[in-house]
Amino acid sequence: MLTRLRALLLSAAREGGATAGPEAALWTFPSILASAFVIAWAAEVAQFFMSQGLALAILAWLQILPEFAVEADIAWRQNIHNMTANFTGSIRLLVGLGWPMIFFVSSYVQKRRTGKWATDVVLESEHSIEVLGLLLPILYFFVIWWKASLTVWDGMLLTFLYLAYLFVVNKMPPKDHEEASELDYVPRQVMGLRPGVRGAAIVGMFLGGGAILFFVAHPFVDSLMALALTLGISEYVFIQWVAPFLSEFPEFLSAFRWSRTVRHAPMALMNVVSSNINQWTVLAAMIPVVYSFSLGHVAAIPFDAMHLQEILLTILQSLLGMILLMNMRYSWWEALVIFVLWFVQFVVPRLREPLIYVYAAFIALGIGQVFFQRRSLEAFTAFAHHWRSRVRRPA
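Residues numbered from 1 in each chain as written. Predicted model: local features only at pLDDT ≥ 70, side-chain atom pairs only at ≥ 80, totals over all residues. Heavy atoms only, no water.

Here's the deal with the overall build of the protein
Cut-off, in case you're wondering: By the criteria applied, helices consist of DSSP H or I runs no shorter than four residues and strands consist of E runs no shorter than two, each listed in order from the N terminus. Working definition: with a 1.4 Å probe on protein chains only, accessible area under 20% of the residue-type maximum means buried, over 50% means exposed, and in between means partly exposed. Calculation of accessible area relied on Shrake-Rupley with a 1.4 Å probe; when residues are assessed, cover is drawn exclusively from the protein chains displayed.
On a plain count of helices and strands, the protein comes out with 17 helices and 4 strands. Out of the 395 residues belonging to the protein, those deemed buried represent 56%. Accessible area for the protein stands at about 17,200 Å²; split by element, carbon and sulfur atoms hold 68% of it.

Let's talk about the nonpolar core
We apply this condition: The set of buried Ala, Val, Leu, Ile, Met, Phe, Trp, Tyr and Cys residues whose side-chain atoms join them within 4.5 Å is what this entry labels a nonpolar core. Contacts are assigned to residue pairs that have any heavy atoms within 4.5 Å of one another.
By size, the foremost hydrophobic cluster in this structure holds 87 residues, and its most contacted members are W99, F141, L269, L325 and Y330. Contacts of Y330, omitting those with residues within four sequence positions, involve W99, P100, F103, T119, D120, V121, L269, L325, A335 and I338. Of all hydrophobic cores here, the second largest spans 21 residues; its members include V70, A217, F220 and A243.

Examining the side chain of N276
Examined against the element boundaries, N276 turns out to sit in helix α13 (residues 265–295). For N276, the contacting residues outside a window of four places in its chain are I91, L94, V95, W99 and L134.

Some details on a nonpolar patch on the surface
Note the cut-off: Patch membership needs two things, relative accessible area over 30% and no salt bridge, and members are linked within 9 Å if like-charged or within 5 Å if nonpolar (Val, Leu, Ile, Met, Phe, Trp, Tyr). By salt bridge we mean one thing: a side-chain nitrogen of Lys or Arg within 4 Å of a carboxyl oxygen of Asp or Glu.
Nonpolar side chains collect at one region of the surface, where F104, W332, W333, L336 and V340 lie side by side and expose about 450 Å² of accessible area between them. It is helix α15 (residues 332–347) that provides the largest number of residues to the nonpolar patch, a total of 4 residues. Position of V340 relative to the elements: it lies in helix α15.

Comments concerning the confidence of the model for the protein
Selection criterion: Scored from 0 to 100, pLDDT records how confident the predictor is in each individual residue.
When pLDDT is averaged along the protein, the result is 83; 86% of the residues meet or exceed 70. Across residues 12–18, where pLDDT falls below 50, the model places 7 contacts with residues more than four positions away in sequence or in other chains.

Regarding the packing of helix α7 (residues 135–147) against α13
The criterion, for reference: Note on method: axes are straight lines fitted to C-alpha atoms, helices fitted across the in-contact stretch only, with angles between N-to-C directions ranging 0 to 180 degrees. Roughly parallel means an angle under 35 degrees; roughly antiparallel means over 145; roughly perpendicular covers 65 to 115; every other angle is labelled oblique. Residues are grouped as follows: nonpolar covers Ala, Val, Leu, Ile, Met, Phe, Trp, Tyr, Cys and Pro; charged covers Asp, Glu, Lys and Arg; every other residue, Gly included, is treated as polar.
Direction vectors running N to C along α7 and α13 enclose 50 degrees, while the axes themselves pass 8 Å from each other. On the basis of the axis angle, α7 is oblique to α13. Contact residues: α7 offers P137, I138 and F141, while α13 offers W280, T281 and A284. Along the lines of polarity and charge, the residues of the contact of α7 with α13 split into 5 nonpolar, 1 polar and no charged.

A closer look at the packing of aromatic side chains
The cut-off we apply is this: Aromatic rings from Phe, Tyr and Trp, with only the six-membered ring used for Trp, were paired whenever their centres fell within 6.5 Å, and each pair was classed as stacked if the ring planes differed by under 30 degrees, edge-to-face if by over 60, and tilted otherwise.
Under the counting rule described, the total for this entry stands at 17 aromatic pairs. Ring-pair connections join several aromatic residues into one group, and the members of that group are W241, F245, F339, W342, F343 and F346.

Section: helix α5 (residues 85–114)
Definition in use: A helix is expected to reach a length of 1.5 Å times the quantity of its residues less one. To get the bend at a residue, fit one axis to the 7 residues ending there and another to the 7 starting there, then take the angle between the axes.
In this model, α5 (30 residues) spans 42 Å end to end at C-alpha, consistent with the 44 Å of a helix rising 1.5 Å per residue. Of all bends in α5, the biggest is about 30 degrees, found at L94. In terms of burial, α5 is largely enclosed, as 22 of its 30 residues are buried. Just downstream of α5 lies G115, where phi reads positive at about 85 degrees.

Structure representation (C-alpha cells):
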C-alpha cells in the first residue's frame, strides 16, 4: 500500500512540475504568498478558541506551513544539496530580521506616542516557556551537526520535544477575546460570523490554503531553481532566501501589526519564537521522513561541509538569541547586534564562516555575563514557577 502510494505521488510530482521554468514565477510566487495569507488569517481566528500558549504555538505552526510544503517538495525530489536551504534560511530570517523588526517598530511607535524611545521589550512570565522551548532542540542539533546526518530517529526525538513543548504551553491561561478587534479585516469578519458558519469558514480557509500549497509547491521550487540558473545565482542561496521571504511575509505582517500596539510586542516576539521552535523540531523532523518515503526505505540524510557550515551558523544564531532572552528582556543593542550579524551574512555570503566565530564570541560573552551576574536567568526561575503551579499542581 505504501509502495503504491509512493509511486503515485512520485509520478504526479514529476509530471506536474517538471516543465516549470523561470516564467512560472509569475504565478507560483503570488500563489505561495496567497496561500500563506489564507492560512495565516484562518490561524489568527482559530487562536481565540484555545489556551494562549497553545494558540501561539499552533498559530506559529500553521503560519510556517508554506515552508513545510517547500521543504517537503525538496526532500521528495531527493535533492540533498538543497535540502537544508529553506530550513536554515527561514530560521535565520525570522531571528535576524523578524526579532529586531518587532523591537524597532515597537520602539518607534512608543517614541511617536510618548516622545521617548523604548529601551527594551519586557517579556511576560509565561513567555519563559517559549524562551526555554528553544534550548533543547538547539542543543540536540549540535549532535546532528557533529554526526553530519539527519535521520528518522532524530526526527522522532525532535517531534517528542515539540509535543512536550505543546503539553507545557497548553497549561497556560486562555487568550482574551476582546483582542479580536485588533485582527485584520478578513479574520475580523470571519470572527464576527455565527459559530457554525465561523467554524466552516476557518476549516475552508485552511483547506483552501493547503490545496494551493499542495498544487503549487513543486512548480514553485522548479521556478526558484530556474530563476537561479537564469540569474547565475546558486540554487541553494536562492532557495535559502527567496522562498522564506515569500512564505513568511504574512507572519512578518502579523508581527508588525502586533508590535505597533507596543503592549503586544512581547506576544509578537513570542509568536516568532514559537515559529523558530517549530522549525527546529517538526520541520526538521519532516525532512528525513519525506526523503525516506520517497526512496522507499529508511535512509539518513548526509551533510557535507557546506551543509555543516550553514547548520552551525543557524544553530549559533538561534542560541545567541535564546541567551539574550534569558533575562526576559530584549534590549535595543541586542536587537541591533542580531540584525547586523544577519544583514552582513545576507549581503556578503563569503563572510559566513568568519561570522561563526563572531556568533561564538557573543555567546561566550552572554554566558560570561551570567557567571559575573550581569545577566539574570529569570527565564529559568519563571519556568520553574509555572511548572510547579500549572503543570505539576495537585489535581
